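# Analysis of the macromolecular model
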Amino acid sequence: MDAVSEVKSRLNIEDVVGQYVQLKRSGRNFKGLSPWTNEKTPSFMVSPEKQIWHDFSSGKGGDMFSFVMEVEGLDFKAALEMLARQAGVDMDQYKSASAKVSGQFKARAQSALELAAKFYQKQLTANQTALKYLLKDRGFSKQTLITWQLGYSPNTGHAVSDFLTKKGFSADEIKRAGLSFMRSAQPADMFRGRIMIPLCDENSQVVGFTARLLADEPDAPKYINTPQTVTYDKGRQVFGLHLAKEAIRKEGCVVVAEGNLDVIASHQAGVANVVASAGTAMTEMHLKQLKRFTSDIRLSFDADSAGIAATERVIPLAQKAEVNLRIIAIKGAKDPDELIKKDVKLWKSAIDSAVYAPDWLIDRYKSEFDLKSAMGKRGFTDALLNIIRRLRDPVEQEHYLKIIAKLTDTTLTSVQAKFAPTEASEATRLRKIKIDPALPDRAALEYQRLQDHFLAMMLSQPKLRPLLAGLRKDFFNEGPPRQLFELIKKAPPQPESPSKAAAKLDNLGDYVKIIKLQFEELYQDLPFGDLKDQATRLKTRLLDAYVKIQKRSLAQTMKVAKNETHLKELIHKVNKLNELISKQ
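What you are looking at is a predicted structure, and each value in this text was computed from that prediction instead of being measured.

When helices and strands are tallied, the chain shows 26 helices and 17 strands. Considering the chain as a whole, with its 584 residues, one finds that 44% of them fall into the buried category. Entry remark: accessible area of the chain is about 30000 Å², with carbon and sulfur atoms responsible for 51%.

Written out as structure tokens, the structure is:
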């Protein structure tokens, strides 16, 4: 038995989901309100028998691991580790010898970091200067110090090393945790005379530290961070996410501040959907991690030149990560902390007034370039068109092209000519169209729903299968839907033995379980005549959706058609799609 099977055998899915969603028994299943939509009628289902869940309002579904990944914003490995701890499963027994050694290193580093955090907390209570800085100067409450596990590192040079050595940790283990370095063949503390701010993962486990200098020292950096270690990856670490994720889900957006202390001040003031990149510039991985919780990301970096430059660097990354980036303008203060001290309402208002990144850039560049000169117009358009090319929606692109034309007193035709993609970018766009027609999320979700419901009927009610006539495999999304369609269409007229039929469906994973649950909840009690009418309508809607999707893809391809012959081929394909609808 592998680790996944072992965890599933020890935990009930209704107990795992029940930690997040209030469930009530509904026949053989459980029902609850969707955690992702503001519904009033429960459409979230859990099947103990099938060990799966499905949310009819959002179209999401899967097993206990996929649920934890969705609600906690974890990847599969982290979800497995989290559920394994709940189930009391020792993951080491499932790892290779080398992985076990790596796991042991990580576990020891984790233990050292947790003990170090407690040590630093205790040292803070004994240092009046550090306490005064946090309580008086920064205005933090004692509860805030406890919640964020703030501490202080003594300036002796070996305090935490001596403490951990007495606790049984070797010099190599302390160094591997990022808490020390070698100086003259002796271990020396990485952090000395600094306020210690623990960095935690999504499960609230300490993985490293940000350390702020308490007393000014010549040539000493104000902030230093744990180096890259077995527990800490600076390119992925989002400070405060473990305490912010529930507020992010509730508010529907996340604010990224520049400083860790800004985050803490905001949480203390009651604005808890705020995080920071931990001691490094924002990366694409930071954005993707936040995207698990929301695609509405609002940036609040300092208004100095460094903060503005950092903001400009994030904008293309946001386009690549496919998140909606807004920029928060801090007026009358240098940072969020200072604004909060004036009035937290000003901070809330600034968040609510965040400006969409392209609009923010236009305002920025208007003041940098002379829009009355030819060189200024060229520089202005060069800077903005690079960003606008990354926008995926053509209507949005045209909106900004018109703005640029107006601001530069240029014709839209001239701006569009400059905006036209190069041959290389045309090839890239064609590949994207072939792989991903760039559907709006809502349309893609509806198309998947139609497939799921139609296939659920075909699988569960063989008498409806004559409706499969005229359908092709490319009408269904690649993966389980297409595989299931082909299996059903090839099924023999006479029913197979249960074991033989089940064996064919095994490689489709939880997909078959999910659509069977859909059938049981929505269609099982319908008379056959009504069921046939529903299936017929679903088939028609499925074909309509398929044709719309293909036409949208072809329309995008036509924009970059290589020549007249290529264009005629595309038009022919459109005509074939029209014929497909007319035959229905």
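This brings us to the sheet that holds strand E11 (residues 223-225). An order of E6-E9-E10-E11 is seen for the 4 strands of this open sheet, with the pairing classed as antiparallel. In the strand order of this sheet, the two ends are held by strand E6 (151-153) and E11, each with one partner. Taken over all neighbouring pairs, the strand axes of this sheet differ in orientation by 35° on average, direction set aside. Relative to strand E10 (residues 206-213), strand E9 (residues 194-200) is paired through 7 bridges, and the arrangement is antiparallel. Within E10, the position partnered with Pro198 by the bridge is Phe209.

Moving on, we get to the side chain of Gln397. One can find Gln397 in helix H18 (residues 394-407). Those residues in contact with Gln397 that sit more than four places away from it in its chain are Ile388, Arg389, Leu391 and Phe419.

Overall, the coordinates contain 26 salt bridges when judged by the stated rule. Two residues, Arg138 and Asp337, come together in a salt bridge whose shortest N-O distance is 3.0 Å. With Arg138 in the loop between helix H6 (128-137) and helix H7 (142-147) and Asp337 in helix H14 (residues 336-342), this residue pair connects regions lying 199 residues apart in the sequence. By relative accessible area, which is 15% here, Arg138 ends up buried. A residue is classified by how much of its surface remains accessible, and Asp337, at 7% relative accessible area, is buried. For Asp335, the salt bridge is made with Lys334, and the minimal N-O distance between the two is 2.8 Å. Via salt bridges that share partners, Arg138, Asp337 and Lys341 belong to a single interconnected network.

The computed volume of the second largest pocket comes to approximately 1500 Å³. In terms of lining, the second largest pocket is formed by 44 residues, of which the most central are Trp36, Thr37, Ser58, Lys60 and Glu70. Secondary-structure elements contributing two or more residues to the lining of the second largest pocket are strand E5 (60-62), helix H3 (64-72), helix H10 (241-251), helix H21 (441-460), helix H24 (511-522) and helix H25 (528-558). Sorting elements by how many residues they give to the lining of the second largest pocket places H21 first, with 9 residues. Considered class by class, the residues forming the lining of the second largest pocket number 15 nonpolar, 14 polar and 15 charged.

This paragraph deals with the pairing of strand E3 (residues 44-47). On E3, burial covers both faces: Phe44 and Val46 on one face and Met45 and Ser47 on the other are all buried. Pairing analysis gives 3 bridges linking strand E2 (residues 29-32) to E3, with the strands arranged antiparallel. Within E3, the position partnered with Gly32 by the bridge is Phe44. Where E3 hands over to strand E4 (residues 52-55), the hairpin turn is made up of 4 residues, of which Gln51 adopts a positive phi near 55°.

Time to look at the packing of aromatic side chains. The relation between two aromatic rings is expressed through the spacing of the ring centres and the mutual angle of the planes. The tally for this structure, following the rule as stated, stands at 15 aromatic pairs. Centre to centre, the rings of Phe44 and Trp53 are 5.6 Å apart; their planes meet at 15°, and the pair counts as stacked. You can call Trp53 buried: its relative accessible area is 0%. Here the aromatic rings of Phe519 and Tyr523 are separated by 6.3 Å at their centres, their planes lie at 45°, and the arrangement is tilted. Judged by relative accessible area, Tyr523 falls into the buried class, the value being 8%. By way of ring pairs, the aromatic residues Phe119, Tyr120, Phe163, Phe191 and Phe209 are connected into one cluster. Between Arg108 and the ring centre of Phe169, over which it is positioned, the NZ or CZ distance is 4.1 Å. The residue whose ring lies beneath Arg176 is Phe105, and the NZ or CZ to ring-centre distance is 3.7 Å.

What follows concerns the confidence of the model for the chain. Regions with low pLDDT carry predicted coordinates that are not meant to be interpreted in detail. The share of residues in the chain with pLDDT of 70 or more is 87%, and the mean pLDDT across the chain is 84. Here residues 422-440 is a poorly scored stretch, pLDDT under 50, and it has 19 contacts once near neighbours within four places are set aside; other chains count.

Quick look at the nonpolar core now. In this structure, Val256, Val275, Leu290, Ile297, Leu325, Leu384 and Ile388 are the most contacted members of the largest nonpolar core, which totals 41 residues. Excluding anything up to four places from it in sequence, Leu325 contacts Ile297, Leu299, Val314, Ile315, Ala318, Val355, Tyr356 and Ala357. Counting residues in each nonpolar core, the second largest holds 35 residues, with Tyr232, Ala265, Ile330 and Ile340 among its members.

Mapped onto the secondary structure, Asp55 falls in strand E4. Counting along the chain gives 19 residues from Asp55 to Trp36, while the straight-line C-alpha distance between them is 8.8 Å. Setting aside chain neighbours within four positions, we find Asp55 in contact with Ser34, Trp36, Ser43, Phe44 and Lys60. Separated by 2.8 Å, the side chains of Asp55 and Ser34 make a polar contact. A distance of 2.8 Å separates a polar atom in the side chain of Asp55 from a polar atom in the side chain of Ser57.

The rules behind the values
Residues numbered from 1 in each chain as written. Predicted model: local features only at pLDDT ≥ 70, side-chain atom pairs only at ≥ 80, totals over all residues. Heavy atoms only, no water. Helix = DSSP H or I, 4+ residues; strand = E, 2+ residues; numbered from the N terminus. Buried < 20%, exposed > 50% of the residue type's maximum accessible area, 1.4 Å probe, protein only. Areas by Shrake-Rupley, 256 points an atom, 1.4 Å probe, with all protein chains shown as cover. Pairing = 2+ DSSP bridges. Axes fitted to C-alpha atoms, helices over the stretch in contact; angles between N-to-C directions. Contact = heavy atoms within 4.5 Å. Salt bridge = Lys/Arg side-chain N within 4 Å of Asp/Glu carboxyl O. 1 Å grid on protein atoms, 1.4 Å probe; cavity = no way out; pocket = protein on both sides within 12 Å on 5 of 7 lines; lining within 4 Å. Points joined across faces, edges and corners; volume = space filled by probe spheres on them. Nonpolar A, V, L, I, M, F, W, Y, C, P; charged D, E, K, R; others polar. Phe/Tyr/Trp six-rings, centres within 6.5 Å; stacked < 30°, edge-to-face > 60°. Lys NZ or Arg CZ within 6 Å of the ring centre and 35° of its normal. pLDDT = per-residue confidence, 0-100. Core = buried A, V, L, I, M, F, W, Y, C linked by side-chain atoms within 4.5 Å. Polar contact = N/O pair within 3.5 Å; in protein donor to acceptor, adjacent residues only side chain to side chain.

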